[in-house]
Amino acid sequence: SVAIKMEKTNLDRYFNRIISSHELKLAKEEKGFWEKLQTTESFEVNKTLFIDDNFGVLDAAKDYGIEYLLAIRKPDSRGYESSMMNTRCWTRLNRLQCCDYLSQLLNRFIQYSRKAS
């Protein structure tokens, strides 16, 4: 559940709102998910970064037109490596960018933000 993920990762402190696919009653790879998300929280596909640990979900995001995609190899909330291997990250979705842990990415972002301000 989202509550467990937030408890383990503390991601909620970085966002004003978190919308789960459960809240929308559609899986992220289902047709209609992205349209429903767009009506719930408007976003520009050409300025959106979407991060996930599932290639099916990343494929669906790409098909909808999401410009920036990032694959997570080792989801923090699960504690084990995703089925995505490093070599697969570079061959899927036009050389999809990958990182190990989302928390590492966020820590780098925070450090960069502090330097910029």
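Up top you'll find the structure we're talking about.
Quick caveat, the model's predicted, so the values are computed rather than measured. (Residues numbered from 1 in each chain as written. Predicted model: local features only at pLDDT ≥ 70, side-chain atom pairs only at ≥ 80, totals over all residues. Heavy atoms only, no water.)

Describing the overall build of the protein chain
Here's step 1: Across its full length, the protein chain holds six helices and three strands.
Here's step 2: Of the regular secondary structure in the protein chain, the N- to C-terminal order runs α-α-α-β-α-β-α-β-α.
Here's step 3: Out of the 117 residues belonging to the protein chain, those deemed buried represent 32%.
Here's step 4: Contacts spanning at least 24 positions in sequence make up 45% of the contacts within the protein chain whose residues lie at least 6 apart.
Here's step 5: With the model as given, the accessible surface of the protein chain reaches about 8100 Å², and the carbon-plus-sulfur share is 49%. (Helix = DSSP H or I, 4+ residues; strand = E, 2+ residues; numbered from the N terminus. Buried < 20%, exposed > 50% of the residue type's maximum accessible area, 1.4 Å probe, protein only. Contact = heavy atoms within 4.5 Å. Areas by Shrake-Rupley, 256 points an atom, 1.4 Å probe, with all protein chains shown as cover.)

Let's talk about unusual backbone geometry
Here's step 1: Positive phi, close to 60°, is recorded for Lys25, a residue that is not glycine.
Here's step 2: With respect to the element layout, Lys25 can be found in the loop between helix H2 (21-24) and helix H3 (33-40).
Here's step 3: Overall, Lys25 belongs to the exposed group, its relative accessible area being 69%.

Observations regarding a nonpolar patch on the surface
Here's step 1: Residues Val2, Phe15 and Ile18 make up a contiguous nonpolar surface patch of about 230 Å² in total accessible area.
Here's step 2: With respect to the secondary-structure elements, Ile18 resides in the loop between helix H1 (2-9) and H2. (Patch = residues over 30% accessible without salt bridge, like charges linked within 9 Å, V, L, I, M, F, W, Y side chains within 5 Å. Salt bridge = Lys/Arg side-chain N within 4 Å of Asp/Glu carboxyl O.)

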